[in-house]
Amino acid sequence: MADLKDFAEQLVNLTVKEVNELATILKDEYGIEPAAAAVAVAAGGAAAGGDAAEEQTEFDVILKAAGGSKLAVVKLVKELTGLGLKEAKGLVDEAPSAIKEGVSKDEAEGLKASLEEAGAEVELK
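What counts, and at which threshold
- Residues numbered from 1 in each chain as written.
- Predicted model: local features only at pLDDT ≥ 70, side-chain atom pairs only at ≥ 80, totals over all residues.
- Heavy atoms only, no water.
- UniProt positions renumbered as here; feature names shortened; annotations may be inferred.
- Helix = DSSP H or I, 4+ residues; strand = E, 2+ residues; numbered from the N terminus.
- Buried < 20%, exposed > 50% of the residue type's maximum accessible area, 1.4 Å probe, protein only.
- Contact = heavy atoms within 4.5 Å.
- Axes fitted to C-alpha atoms, helices over the stretch in contact; angles between N-to-C directions.
- Parallel < 35°, antiparallel > 145°, perpendicular 65-115°, else oblique.
- Left-handed = near helix turned anticlockwise from the far one by under 90°.
- Nonpolar A, V, L, I, M, F, W, Y, C, P; charged D, E, K, R; others polar.

For the protein, an unreviewed UniProt entry supplies the name Large ribosomal subunit protein bL12 and the organism Flavivirga spongiicola. In its Sequence similarities (unreviewed entry) section, the UniProt record describing the protein reads: "Belongs to the bacterial ribosomal protein bL12 family." Quoted straight from UniProt, the Function (unreviewed entry) entry for the protein says "Forms part of the ribosomal stalk which helps the ribosome interact with GTP-bound translation factors. Is thus essential for accurate translation."

When helices and strands are tallied, the protein shows 6 helices and 3 strands. Along the chain direction, N to C, the helices and strands of the protein fall in the order α-α-α-β-α-α-β-α-β. A total of 125 residues make up the protein; the buried ones form 21% of that total. For the protein, the share of sequence-separated contacts (at least 6 apart) that also reach a separation of at least 24 residues comes to 68%.

To continue, consider the packing of helix 4 (residues 70-81) against helix 5 (residues 85-93). As a packed pair, helix 4 and helix 5 sit with axes 8 Å apart at the nearest point and diverge in direction by 120°. By the angle class used here, helix 4 and helix 5 are oblique. In this structure, helix 4 meets helix 5 at a crossing whose hand is right-handed. Each of Lys70, Val73, Val74, Val77 and Lys78 in helix 4 lies in contact with helix 5, whose residues at this interface are Leu85, Ala88, Lys89, Leu91, Val92 and Asp93. Taken together, the residues that form the contact of helix 4 with helix 5 break down as 7 nonpolar, no polar and 4 charged.

Have a look at this one:
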């Protein structure tokens, strides 16, 4: 039982970057898509609610401005998107530009938090 409590504490203390890496590992190595499960649960809850308004399920992460720490933002965009350094720099230089499109709400909020932590100005659409 203590092992499960330790595991739960480790999960709770993950950073946004680590959560994104965990989601990637679960998807690539085990075929589990955590965001899809969260959307399914949210959709099930909305259906049970009856006349609940339809909620947006796909979001675009838009970089509005690099902010004061452009180099950190370029490195983070490179890491988050898997692009090369030149392509990531191009995205940052061309702001406003879409970093990722059609992602789940949780992933979009995670990306936004990471980018804002690096100093960027980000918008979700």
